[in-house]
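In case you want the letters, here they are:
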Protein chains: 2
Amino acid sequence: MEGSRVGTVQLLWRHERPLPPRPGRPATITVDAVVDAGIEEADGRGLAAFSLRRVAERLGVGVMTLYGHVANRAQLLELMVDQCRLDMEFASPTGSWREMLAQVAAENLALLERHPWLAHLETERAVLGPGTLGKYERELAAVEPLPLGDAAKDQALALVLSFVRSSARALEAARVERSDETPEQWWEREGAELAALGVEERFPLASRIGQAAGEATNAAADARAAHAFGLAVLLDGLAERDAEPV
Amino acid sequence: MEGSRVGTVQLLWRHERPLPPRPGRPATITVDAVVDAGIEEADGRGLAAFSLRRVAERLGVGVMTLYGHVANRAQLLELMVDQCRLDMEFASPTGSWREMLAQVAAENLALLERHPWLAHLETERAVLGPGTLGKYERELAAVEPLPLGDAAKDQALALVLSFVRSSARALEAARVERSDETPEQWWEREGAELAALGVEERFPLASRIGQAAGEATNAAADARAAHAFGLAVLLDGLAERDAEPV
DNA sequence: TTATAACCCGTACATCGTACGGAAAGAGAG
DNA sequence: CTCTCTTTCCGTACGATGTACGGGTTATAA
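Residues numbered from 1 in each chain as written. Chains lettered and ligands numbered in written order. Predicted model: local features only at pLDDT ≥ 70, side-chain atom pairs only at ≥ 80, totals over all residues. Heavy atoms only, no water.

Caption draft 1: Structural view of the protein's contact with DNA strand D. In the vicinity of DNA strand D lie 27 residues, with A:Met1, A:Pro23, A:Thr28, A:Met64 and B:Arg53 positioned nearest. Counting only the atoms of DNA strand D that lie within 4 Å of the protein, the sugar and phosphate share comes to 60%. At 2.9 Å from a phosphate oxygen of DNA strand D is found a side-chain nitrogen or oxygen belonging to A:Thr65. At 2.9 Å from a phosphate oxygen of DNA strand D is found a side-chain nitrogen or oxygen belonging to B:Arg73. Of all the secondary-structure elements, those providing two or more residues to the surface near DNA strand D are α5 (63-66) of chain A together with α4 (52-59) and α5 (63-66) of chain B. (Near = heavy atom within 4 Å. Polar contact = N/O pair within 3.5 Å; in protein donor to acceptor, adjacent residues only side chain to side chain. Helix = DSSP H or I, 4+ residues; strand = E, 2+ residues; numbered from the N terminus.)

Right, dumping it as structure tokens:
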């Protein structure tokens, strides 16, 4: 059983170190099939509804069969993450660091829009697979020209990626919100009660700016503009480091 | 049953609109008790282990009793979030927008360190309670001096808060990682296999910078410095908007 | 004292991840 | 071709979770 025999790292790099053929009953599915089915499942139903039973069903296989190829749910998710990063589309980085970093941001946003569950996954611990490492290597090239220490370069990249992540989540939330309910419905449901509490008078700034932000969110074009604004702020901040080295 | 009778907004503002006393058997617990127990539970055990059964147990009450005071798990979490924001410590904002925003960041970081689960909670939809609104109102004062449109002001604040959030998660992850396992243990477990795959030669940038970033993470002081670096970048980026209005 | 309203909560169900162990299936030896 | 051995497949089972339902309990108001 691959799932119990080999560690996560071995499984992540399975294409570079294929296991020697073994005697006995041959497997009906492969790790790749499990990972692909997992990704399709997560893409389609979302992370909240993601379950091993559904993945197994998609493969036409019993649930416990999965455990012969993958150690557990958490490991499968790690493999899925690395696979997505491996399959990620990108252009080889060119131009100034600023252009490269903007491209990195755009490519990551595209990745998270193709696989929204990636933005909802908790991946504090790094996934040390070929996809993740290759992506990291490529993206580091964008911050390499900056006059920063190594740790700061990592931090600069992480800053951009974390921004893109939260931006992707916000854009997704806005998308479903738009399709879920019109502002009028929302008002009928909650807004009226809030008004009765005198919220507008007691929280004038919050009301004014909150409304503007809400309207911007509801207009798809403005939501994109908000993303661009945030990214520009970030890049300008990094440009400051470029001009005046620390 | 308060949990089914009133909506989420009513429950959030329960202290301003206390329900009139009602005939019948008096309740043994209050919404506040449930919310407080929930916060203690989440603080102590973490969000992953958070369950209604445990909250009920802490209150010395059956699980289903909770449903008499709160609609469901998701609503309880919303109430907990708003309560934390209401109890959050803060100094009234003074100084330049930059000083105020730095203070907002520090206060939010403190909030997330006191209640780490807040950083792991998915709160795309705003929680429209007194805690959240008050916090938003107060924090908007920091970006109000900036020469930006209303939507951009919200975006600027969100940018800082999202950074603090991911920073808090990184700091927490580093903390548990430090206590979990020494770098030597890690190397024995995974690093050796990676080296065997020729990772250092194939991903030189990633190896060099990844190592530097890892070491910085492992030194508590450097991890804090990384946070400061990110915040400075952000604020510098916003300062650009200050100098040259859009 | 009685009626009534409200609350408490035991039971039950669907769903989840996953441990265990036996059935099944192919490969190689004779 | 048959037997044996190795490996894979997966049914069953367990504990945990959120929550629907309905009956027992306990106050207040008449």
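Caption draft 2: Highlighting the packing of helix α13 (residues 220-243) of chain A against helix α13 (residues 220-243) of chain B. The geometry of α13(A) relative to α13(B) is characterised by a closest axis approach of 7 Å and an angle of 105 degrees between their N-to-C directions. One finds that α13(A) runs roughly perpendicular with respect to α13(B). From α13(A), A:Phe229, A:Ala232, A:Val233, A:Leu234, A:Asp236, A:Gly237, A:Leu238, A:Glu240 and A:Arg241 reach across to α13(B), where they touch B:Phe229, B:Ala232, B:Val233, B:Leu234, B:Asp236, B:Gly237, B:Leu238, B:Glu240 and B:Arg241. When the residues that make up the contact of α13(A) with α13(B) are grouped by side-chain class, the tally is 10 nonpolar, two polar and six charged. (Axes fitted to C-alpha atoms, helices over the stretch in contact; angles between N-to-C directions. Parallel < 35°, antiparallel > 145°, perpendicular 65-115°, else oblique. Contact = heavy atoms within 4.5 Å. Nonpolar A, V, L, I, M, F, W, Y, C, P; charged D, E, K, R; others polar.)

Caption draft 3: Structural detail: the nonpolar core. Counting residues in hydrophobic clusters, the biggest one holds 141 residues, and the most contacted among them are A:Leu101, A:Trp117, B:Leu101 and B:Trp117. Dropping the residues within four chain positions of it, A:Trp117 is found in contact with A:Ile39, A:Ala42, A:Asp43, A:Leu47, A:Met80, A:Val81 and A:Cys84. (Core = buried A, V, L, I, M, F, W, Y, C linked by side-chain atoms within 4.5 Å. Buried < 20%, exposed > 50% of the residue type's maximum accessible area, 1.4 Å probe, protein only.)

Caption draft 4: Empty space enclosed by the protein, seen in detail. Applying the stated criterion across every chain yields a total of six cavities of 30 Å³ or more. Approximately 60 Å³ is the volume attributed to the largest cavity. Taken together, A:Leu159, A:Ser162, A:Phe163, A:Leu234, B:Leu159, B:Ser162, B:Phe163 and B:Leu234 make up the full set of residues lining the largest cavity. Taken together, the elements giving at least two residues each to the lining of the largest cavity come down to α9 (150-180) of chain A together with α9 (150-180) of chain B. Taken together, the residues that form the lining of the largest cavity break down as six nonpolar, two polar and no charged. (1 Å grid on protein atoms, 1.4 Å probe; cavity = no way out; pocket = protein on both sides within 12 Å on 5 of 7 lines; lining within 4 Å. Points joined across faces, edges and corners; volume = space filled by probe spheres on them.)

Caption draft 5: The environment of A:Glu139, seen in detail. Residue and element names in this part refer to chain A. Tracing the backbone through its elements, the reader meets Glu139 in helix α8 (residues 130-143). Taking the C-alpha atoms as reference, Glu139 lies 31 Å from Ala216; in sequence the two are 77 residues apart. Every residue in contact with Glu139, bar those within four places of it in the chain, is listed here: Met88, Val104, Asn108, Leu157 and Leu161.

Caption draft 6: The arrangement of the interface of chain B and chain A in detail. In this assembly, 60 residues from chain B lie in contact with 61 residues from chain A. Taken together, both faces of the contact between chain B and chain A bury some 5600 Å²; the carbon and sulfur share is 63%. When the area that chain B buries against chain A is broken down by residue, the three leading residues are B:Glu137, B:Ile209 and B:Phe229, summing to 11%. Counting the contacts that link chain B with chain A gives 12 salt bridges. Joining chain B to chain A, the criterion identifies 24 residue pairs in polar contact (both at pLDDT 80 or more). When contributions to the side of chain B that touches chain A are tallied by element, the ones reaching two or more residues are α2 (8-12), α8 (130-143), α9, α10 (183-196), α11 (199-202), α12 (204-218) and α13 of chain B. Ranked by residues supplied to the side of chain B that touches chain A, first place goes to α9(B) with 13 residues. (Buried area = accessible area lost by both parts, 1.4 Å probe. Salt bridge = Lys/Arg side-chain N within 4 Å of Asp/Glu carboxyl O.)

Caption draft 7: Main features of the domain arrangement of chain A. Residue and element names in this part refer to chain A. Split into domains, chain A comes out as domain 1 (2-85) and domain 2 (89-243). A straight line from the C-alpha centre of domain 1 to that of domain 2 covers 30 Å. In this assembly, 13 residues from domain 1 lie in contact with 18 residues from domain 2. Linking domain 1 to domain 2 there are one salt bridge. Across the pair Arg125 and Glu78 runs a salt bridge whose closest N-O atoms are separated by 2.8 Å. Linking domain 1 with domain 2 are seven residue pairs in polar contact (both at pLDDT 80 or more). Top contributing element to the side of domain 1 that touches domain 2 by residue count: helix α6 (residues 73-87), with seven residues. Partitioned by chemical class, the residues of the side of domain 1 that touches domain 2 number nine nonpolar, no polar and four charged. (Domains from an automatic or database assignment.)

Caption draft 8: Up close: the relation of the copies chain B and chain A. Rotating chain B by 180 degrees and translating it 0.0 Å along the rotation axis places it on chain A, where the RMSD comes to 0.0 Å. The superposition operator between the copies reduces to a two-fold rotation axis. Identified as the residue of chain B closest to the rotation axis by C-alpha distance is B:Gly237, at 1.9 Å. A shared interface surface links the copies, since 100% of the contact residues of chain B are contact residues in chain A too. (Least-squares fit on C-alpha atoms with pLDDT ≥ 70 in both.)

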